[in-house]
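# Breakdown of the fold
If you want the building blocks of each chain, they are given just below.
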Amino acid sequence: MTPTENIPVIIILFGGSGDLAHRKLYPALFNLYQQNVIHDRFAVIGTARRPWSHDYLREQIKESIEETHDQVNEDDLKHFLSHFYYQSHDVTHVSHYMALKKMAAHLDETYHADGNRIFYMAMAPRFFGTIATHINDQHLIGSGFNRLVVEKPFGRSLASAQKLNDEIRRSFSEDQVYRIDHYLGKEMVQNILPLRLTNPLIKNVWNHDFVKNIQITLGEQLGVEARGGYYETSGALRDMVQNHVFQIATLLMMPEPEALSATAIHAAKQMLLDHIVLPDPDQMRKHFVRGQYLGNDDTFAYRKEKNVAPDSTTETFAAGEIKFNAGPLAGVPVYFRTGKRMKEKCSRVDIVLKHMTNLYGRAHSNNISIIIDPVSEFYLTINGKKIQESGIRREDLKYRFTTAEMAQVPDGYERLLHDVFVADTTNFTHWSELKRSWQFIDAAEAFWQSDEKTVPMPQYAPFKMGPKEADHIFENPHDHWIYR
Ligand code: NAD
């Protein structure tokens, strides 16, 4: 069993000079170091193309910690930084893996790391397969535990994901692979199961007799920024729906797991995903919409972004419907929409309950809303009487985390890295789950590609809720988005 404190391990971080490492991974490692999850018996080898020295890497990490922490104990930080090493590395050069292997073996001895290794791929996804192959061919695997953390996106279709998985599986078994979806580290995403399973008020209506539809909105206010080149190969469906939307939908729709173990939770997810309805052309036409942001002038036009083709057909917004034929909500539509340059940064789920005839006539139904970002919040929309006139008014029964509570919430990356250290795979995506979500995305993409010549890409004004067509994807024409 993996110990939970002072874990002996050598971490090899591919992409040690990158944005993710700087903004998320180094601060998360520092917090875990302060919690004693790693402490004396760990070392990190940061690798990247640039010819940095150990000291220069340490300087960069120091900056990253100081940027993300209000107060830092200088001695702690100094000790933490002394565990970091740099290896200039080109992912395609065999000799660099040999050097890496030597350094890992040396540090293993120095830090008594027991032959344990964590490999973290924090690089452009096109390199994942090459790195996995070299880890295997140059025998970088340690004599203790070996774990591989893979960033998103895991492929760009089922076929490419399968190819990548095959490459990875030459060195790592499925239970050694940690496919990161940082949404699974978010407080309110982790709160979905407790909310569902511990409240009779919610649990008893969590079925297709009571729930009318579920709405998932993952909106970003930013555009593609400097990532136009990557985004052109992806689009909203692959970038957000295949992973984040699917993981959230699965937690909402899956049958109650038999236990809270990783095995039981993955079994419940798999059971649901085995009953997904793949969208056919008729459903695609009626219930799916894509779009691209375009301002009145060119200021916010996607096609004018850096590294974006002037005639790009990449969608920056996608809305659609996901359905399952099993689980407590079998047949209940999950509507999603996600996009860049939307009204505001907002990730939320709205569970819309069915209307009920009542003596007061036109009372609305209840909604259960889970706000994931930018605040952690949960509310029930209920009916009550108006005070000075007859009739019914709506009220939100709200639970919002206090600022003090929010300050204690660990970043998603810190949670997930902790889980990698203690070998808890609950909040990582299994290959068999991923396969099902890619089948769904492939079906949708195939339709959009065949449709491209006949149906123009809807455009949407920046800082709104996406193209107006997305307001009409509902099966019941009287339904609408709760969040507008
Ligand atoms: P980045 O471009 O900032 O960093 C890439 C790293 O790869 C750099 O360290 C660079 O030196 C290194 N590199 C590039 N080519 C190389 C080569 N030929 N040989 C060796 N090293 C090379 O990218 P990033 O934003 O840090 O993203 C890394 C991964 O994390 C991607 O898969 C991305 O999708 C994922 N991710 C990033 C974020 C984020 O906030 N940045 C969020 C979620 C997921």
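What you are looking at is a predicted structure, and each value in this text was computed from that prediction instead of being measured.

## Section: the sheet that holds strand 1 (residues 9–14)
- Pairing is parallel in the open sheet, where 6 strands are placed in the order 3-2-1-4-5-6. Every other strand in the sheet has two partners, leaving strand 3 (84–88) and strand 6 (177–179) as the edge strands with one partner each. Across the sheet, the mean angle from the axis of one strand to that of its neighbour is 20 degrees, orientation sign disregarded.
- Across 5 bridges, strand 4 (residues 117–121) lies against strand 5 (residues 146–150) in parallel orientation. Within strand 5, the position partnered with Arg117 by the bridge is Asn146.

## What about the domain arrangement of the protein?
- The assigned domain composition of the protein is domain 1 (9–151) and domain 2 (184–410 + 430–472).
- Its C-alpha centre places domain 1 at a distance of 35 Å from the equivalent point of domain 2.

## Brief notes about the pattern of salt bridges
- Per the counting criterion, the structure on display carries 24 salt bridges.
- Ionic pairing is found between Asp411 and Lys24, a salt bridge with its closest N-O pair at 3.1 Å. Placement of the pair is Asp411 in the loop between helix 14 (403–408) and helix 15 (412–421) and Lys24 in helix 1 (residues 19–34), with a sequence separation of 387 residues.
- You can call Asp411 partly exposed: its relative accessible area is 32%.

## Description of unusual backbone geometry
- Looking along the chain, the bond that leaves Lys152 and enters Pro153 is cis, with omega of -5 degrees.
- Residue position: Pro153 is located in the loop between strand 5 and helix 6 (158–169).
- Along the chain, Asp373 connects to Pro374 via a cis peptide bond; the corresponding omega equals 5 degrees.
- Mapped onto the secondary structure, Pro374 falls in the loop between strand 12 (367–373) and strand 13 (377–385).
- Not every positive phi belongs to a glycine, and Asp114 is a case in point at roughly 60 degrees.
- Mapped onto the elements, Asp114 comes out in the loop between helix 4 (94–111) and strand 4.
- A positive phi angle, close to 55 degrees, is found at His139, a residue other than glycine.
- Tracing the chain through its elements places His139 in the loop between helix 5 (128–137) and strand 5.

## Notes on the site of the ligand
- For the ligand, the set of nearby residues contains 21 residues, the closest of which are Ser17, Asp19, Leu20, Arg23 and Lys152.
- Val91 has a polar backbone atom sitting 3.1 Å from a nitrogen atom of the ligand.
- A total of 3 residues in the shell around the ligand trace back to one element, the largest contributor, which is helix 1.
- A breakdown of the residues in the shell around the ligand according to their chemical character gives 9 nonpolar, 5 polar and 7 charged.

## What to know about the sheet that holds strand 8 (residues 289–293)
- On the basis of which strands lie adjacent, the open sheet formed by 9 strands has the order 14-13-12-11-7-10-9-8-15 and mixed pairing. Where the open sheet ends on each side, the last strands, each with one partner, are strand 14 (392–400) and strand 15 (459–460).
- By the bridge criterion, 9 bridges tie strand 13 to strand 14 in an arrangement that is antiparallel. If you follow Glu377 over to strand 14, its bridge partner there is Arg400.
- Across the face of the sheet, helix 11 (residues 236–253) comes into contact with strand 7 (211–219), strand 9 (317–322), strand 10 (334–339), strand 11 (346–353) and strand 12 while running at roughly 140 degrees to strand 7.

## Side note on the environment of Pro458
- Tracing the sequence through the fold places Pro458 in the loop between helix 16 (431–451) and strand 15.
- What makes Pro458 buried here is its relative accessible area of 17%.
- Remark: the alpha-carbon pair of Pro458 and Glu63, spanning 395 residues in sequence, is separated by 43 Å.
- The residues touching Pro458, leaving out its near neighbours within four places in the chain, are Arg290, Gly291, Gln292, Pro467 and Glu469.

## Things to note about the nonpolar core
- Counting 106 residues, the largest nonpolar core has Ile214, Ile216, Ile248, Leu252 and Ile351 as the members making the most contacts within it.
- Element by element, the count of residues in this core is highest for helix 11, at 11 residues.
- Mapped onto the domain boundaries, this core takes at least three residues apiece from domain 1 (9–151) and domain 2 (184–410 + 430–472).
- Setting aside anything within four residues of it in sequence, one finds Leu252 in contact with Ile192, Arg196, Trp206, Ile214, Ile216, Leu329, Val349 and Ile351.

Conventions and cut-offs
- Residues numbered from 1 in each chain as written.
- Predicted model: local features only at pLDDT ≥ 70, side-chain atom pairs only at ≥ 80, totals over all residues.
- Heavy atoms only, no water.
- Pairing = 2+ DSSP bridges.
- Helix = DSSP H or I, 4+ residues; strand = E, 2+ residues; numbered from the N terminus.
- Axes fitted to C-alpha atoms, helices over the stretch in contact; angles between N-to-C directions.
- Domains from an automatic or database assignment.
- Salt bridge = Lys/Arg side-chain N within 4 Å of Asp/Glu carboxyl O.
- Buried < 20%, exposed > 50% of the residue type's maximum accessible area, 1.4 Å probe, protein only.
- Near = heavy atom within 4 Å.
- Polar contact = N/O pair within 3.5 Å; in protein donor to acceptor, adjacent residues only side chain to side chain.
- Nonpolar A, V, L, I, M, F, W, Y, C, P; charged D, E, K, R; others polar.
- Contact = heavy atoms within 4.5 Å.
- Core = buried A, V, L, I, M, F, W, Y, C linked by side-chain atoms within 4.5 Å.

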